[in-house]
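Here is how the chains run, residue by residue.
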Amino acid sequence: MTMVDGIQASRGNVHYLYPASSTLQAPTASRARADNARADTSVTLSSLAQQLNESAIRAEADDAALSRDERTAKAEKSLASIVGARFFASRQVNNAEIPDSSDPERLARAQAATRFVNGSQQNPFAGLSRDRLALITYDDSGQYTTNERRAAWEASFDKEYAWRKEAVAKAMAEYDGSGKLTDFFKDVLQHFDSLPLNEQAQYPKDYATRLQKWIALDYNYFTNAVEGEGSPL
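Residues numbered from 1 in each chain as written. Predicted model: local features only at pLDDT ≥ 70, side-chain atom pairs only at ≥ 80, totals over all residues. Heavy atoms only, no water.

**Q** What is the right way to read the layout of surface pockets from this model?
**A** To locate leftover empty space, one rolls a probe as large as a water molecule over the atoms. Here the largest pocket defines a volume of roughly 370 Å³. Every residue lining the largest pocket is counted, 22 residues in all, and those nearest its centre are Ala 59, Asp 63, Leu 135, Tyr 138 and Asn 198. Counting residues per element, the ones that place at least two in the lining of the largest pocket are helix H1 (45-65), helix H2 (68-80), helix H6 (130-137) and helix H9 (197-200). Among the elements that line the lining of the largest pocket, the one with the most residues is H1, at seven residues. Class assignment for the residues of the lining of the largest pocket results in nine nonpolar, four polar and nine charged. (1 Å grid on protein atoms, 1.4 Å probe; cavity = no way out; pocket = protein on both sides within 12 Å on 5 of 7 lines; lining within 4 Å. Points joined across faces, edges and corners; volume = space filled by probe spheres on them. Helix = DSSP H or I, 4+ residues; strand = E, 2+ residues; numbered from the N terminus. Nonpolar A, V, L, I, M, F, W, Y, C, P; charged D, E, K, R; others polar.)

Okay, structure coming up:
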């Protein structure tokens, strides 16, 4: 068995884990339905598109103004109200929260999000892209209710969960066939590069650099030999 900074490899058993510094945790209420959750395609995007545009403007301003450390701190602060004990302790308050709007579509989305986080399988944001989900998740300006942000985070988690299942299956096949994880590391790096900046910022600063090193090594775990370049030490 080999453990390399959060990536554990043993014959027939390969796992890619969140970095220890990440604040992400599995949703306790909806993780069991991740494999069979159905995307809700009934959302009308007119008013949501406007909200997302405003969120994107704020996110772009943050990207330009914040250092990586500042972005990490801001992302973790934004998640604190929708992930973990604080969220569940405030459930009654969260359920009573409604948007400051008379727009029926916006009100309906907030209600749908509240139903979802309380057990409904219909997530109003399930069909959105990872980037758009991040705009909602990390926007703590009051543009979205707490339950909307939670629902967006869960939709993003489900996408991550699905990617991991596929990546781990491919990694196991690669390992069993060649004794290597080089292609797996390439997939992980590509996936990391595709993540929204707020999510990238929650990984170690040298995360991409380490993956690039492992790819260059082209290490064979069967023979314990470097078939590429560099040193495993």
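So that's the structure; there's more coming.
**Q** Quick question: what am I supposed to make of unusual backbone geometry here?
**A** In this structure, Asp 218 is a non-glycine residue whose phi angle is positive, near 50°. With respect to the secondary-structure elements, Asp 218 resides in the loop between helix H10 (207-217) and strand E4 (219-220). Despite not being glycine, Asn 224 shows a phi value in the positive range, around 55°. One can find Asn 224 in the loop between E4 and strand E5 (225-226).

**Q** How do you make sense of the side chain of Glu 148 when you look at a structure like this?
**A** Examined against the element boundaries, Glu 148 turns out to sit in helix H7 (residues 146-178). Despite its burial, Glu 148 pairs with no opposite charge; the closest candidate is Arg 109, at 4.6 Å N-O. Among all residues touching Glu 148, those that are not within four sequence positions of it are Arg 106, Arg 109, Ala 110, Ala 113, Phe 125 and Ile 136. (Buried < 20%, exposed > 50% of the residue type's maximum accessible area, 1.4 Å probe, protein only. Lys, Arg positive; Asp, Glu negative; His and termini not counted. Salt bridge = Lys/Arg side-chain N within 4 Å of Asp/Glu carboxyl O. Contact = heavy atoms within 4.5 Å.)

**Q** Explain the nonpolar core here, please?
**A** Generally speaking, nonpolar side chains in soluble globular proteins are found buried as a group. Counting 20 residues, the largest nonpolar core has Leu 181, Phe 184, Phe 185 and Leu 211 as the members making the most contacts within it. Elements represented by at least two residues in this core include exactly H7, helix H8 (182-194) and H10. Sorting elements by how many residues they give to this core places H10 first, with six residues. Residues Val 117, Leu 128, Leu 133 and Leu 135 belong to the second largest nonpolar core, which totals 16 residues. (Core = buried A, V, L, I, M, F, W, Y, C linked by side-chain atoms within 4.5 Å.)

**Q** So what exactly am I meant to see when it comes to the packing of aromatic side chains here?
**A** Between two aromatic rings, the relevant description is the distance of the centres plus the angle of the planes. In total, this model carries ten aromatic pairs according to the counting rule given. Plain terms: the ring middles of Trp 153 and Phe 157 are 5.7 Å apart, the flat faces sit at 50° to each other, and that makes the pair tilted. Of this pair, Trp 153 and Phe 157 both sit in helix H7, four residues apart, roughly one helical turn. Take Trp 153 and Phe 157: they sit in the same class, and that class is buried. Relative to Tyr 207, the ring of Phe 192 lies with its centre 5.1 Å away and its plane at 55°, an arrangement referred to as tilted. With Phe 192 in helix H8 and Tyr 207 in helix H10, this residue pair connects regions lying 15 residues apart in the sequence. Feature note: the residues Tyr 175, Tyr 219, Tyr 221 and Phe 222 constitute an aromatic cluster, connected by ring pairs. Lying over the aromatic face of Phe 87, Arg 150 brings its terminal NZ or CZ to 4.7 Å of the ring centre. (Phe/Tyr/Trp six-rings, centres within 6.5 Å; stacked < 30°, edge-to-face > 60°. Lys NZ or Arg CZ within 6 Å of the ring centre and 35° of its normal.)

**Q** Would you take a moment to explain H7 for this structure?
**A** For the α-helix, the turn length of 3.6 residues means that residues three or four positions removed from each other point alike. The end-to-end C-alpha distance of H7, which contains 33 residues, comes to 47 Å, matching closely the 48 Å that a straight helix rising 1.5 Å per residue would cover. One or two steps after H7, the chain reaches Gly 179, where phi turns positive at roughly 80°. (Expected span 1.5 Å × (residues − 1).)

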